[in-house]
Amino acid sequence: LYNRWRQKGGATVAVDDVEAVMEEVVERGLAVLKHNWEESTPGEKAVIAGLTSAMGERNRPVGRDEVGAVWRRLGVALPEDEAARAMKSLAARDILSGDDQVKFTVDLVHFWVRKFQRLEWVKDEIQAEVKNWTVAPPAPAPARGPVEATTQPTAKPRPNRLWPLLG
């Protein structure tokens, strides 16, 4: 960016200047960005990818509820406690900042994740953990009152009256 600014000879650096060098910056920082990704837990990866997807094109503050909504659209139920733990860990590693609403401390992380770690790809990468996050079907409701044993004979099955029509 500095070299571009010097070549242009202008007094200021514009958004266009930053966008023009982003590809090169990502390429040069790829090792650090990949290392941070590889050191992340499946929950952290889910949060990072979910945040990026919820943010869209801009690194802006996003809450856990938005991250959960993004994952639910893909059929994944990201547990609240998992998301909270991941966000806390990512904040401790200076990847995220904020409390209820978080964003990336460095915009470059957002840019890199949008380009190289799309939500669908991350779902495939962490699929073993995602299976543990699926919502179990609700248990049947317990019977109310005492259950009495019946001694009456069961009724004979009724013949299927549609059978002649189907044959």
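### A word on the pattern of salt bridges
No. 1: A complete count under the given rule lists 5 salt bridges for this structure.
No. 2: A salt bridge links Glu 66 to Arg 60; the shortest N-O distance between them is 3.5 Å.
No. 3: Salt-bridge contacts for Arg 85 lead to Glu 82; the nearest nitrogen and oxygen are separated by 2.9 Å. You can see Arg 85 and its partner Glu 82 sitting in helix α5 (residues 80-92), 3 residues apart, about one turn around the helix.

### Section: unusual backbone geometry
No. 1: A positive phi angle, near 60°, is found at Asp 94, a position not held by glycine.
No. 2: Inspection of the secondary structure puts Asp 94 in the loop between α5 and β2 (96-98).
No. 3: A residue is classified by how much of its surface remains accessible, and Asp 94, at 58% relative accessible area, is exposed.

### Brief notes about the layout of surface pockets
No. 1: The computed volume of the largest pocket comes to approximately 410 Å³.
No. 2: Around the largest pocket sit Val 15, Val 18, Glu 19, Met 22, Glu 57, Arg 58, Asn 59, Asp 107, His 110, Phe 111 and Arg 114, which together line it.
No. 3: Broken down by class, the residue content of the lining of the largest pocket amounts to 4 nonpolar, 2 polar and 5 charged.

### Some details on the side chain of Lys 45
No. 1: Mapped onto the secondary structure, Lys 45 falls in helix α3 (residues 42-55).
No. 2: In this structure Lys 45 touches Trp 37, Ser 40, Val 122, Glu 125 and Ile 126, once residues within four positions along its chain are discounted.

### With respect to empty space enclosed by the protein
No. 1: For the structure shown, the criterion picks out 2 cavities of 30 Å³ or more.
No. 2: Taken as a whole, the largest cavity encloses approximately 70 Å³ of empty space.
No. 3: If you go around the largest cavity, the residues you meet are Leu 33, Asn 36, Trp 37, Ile 48, Ile 95, Val 109, Trp 112 and Val 113.
No. 4: For the lining of the largest cavity, the secondary structure elements donating two or more residues are α2 (15-38) and α6 (107-116).
No. 5: Split by residue class, the lining of the largest cavity holds 7 nonpolar, 1 polar and no charged.
No. 6: The volume enclosed by the second largest cavity comes to roughly 30 Å³.
No. 7: In terms of lining residues, the second largest cavity is bounded by Arg 64, Val 67, Gly 68, Leu 78, Pro 79, Glu 80 and Ala 83.
No. 8: Among the elements of the structure, α4 (64-72) and α5 are those that each provide at least two residues to the lining of the second largest cavity.
No. 9: Per-element accounting of the lining of the second largest cavity gives the leading share, 3 residues, to α4.
No. 10: A per-class count over the lining of the second largest cavity returns 4 nonpolar, 1 polar and 2 charged.

Conventions adopted
- Every chain's residues receive numbers from 1 upward, in the order its sequence appears when written.
- Only residues with pLDDT of at least 70 get local features here, since the model is predicted, and only at 80 or more are side-chain atom pairs given and counted; chain-wide, interface and lining totals rely on the full set of residues.
- Calculated side-chain values reflect all of the structure's heavy atoms, with hydrogen atoms and water omitted.
- Salt bridge, as used here, is a side-chain nitrogen of Lys or Arg placed within 4 Å of a carboxyl oxygen of Asp or Glu.
- Note on conventions: DSSP H or I runs of at least 4 residues are helices, E runs of at least 2 residues are strands, and numbering of each starts at the N terminus.
- Think of it in three bands: residues with accessible area under 20% of the maximum for their type are buried, residues over 50% are exposed, and the middle band is partly exposed, with areas taken using a 1.4 Å probe on protein chains only.
- Only protein atoms enter the calculation, which uses a 1 Å grid: trapped sets of points that fit a 1.4 Å probe without letting it out are cavities, open sets showing protein on both sides within 12 Å along at least five of seven lines are pockets, and any residue with an atom within 4 Å of a point is a lining residue.
- Grid points are joined across faces, edges and corners, and a volume is the space filled by probe spheres set on the points.
- Basically, the charged four are Asp, Glu, Lys and Arg, the nonpolar ten are Ala, Val, Leu, Ile, Met, Phe, Trp, Tyr, Cys and Pro, and anything else, Gly included, counts as polar.
- Any pair of residues with heavy atoms lying within 4.5 Å of one another is described as a contacting pair.

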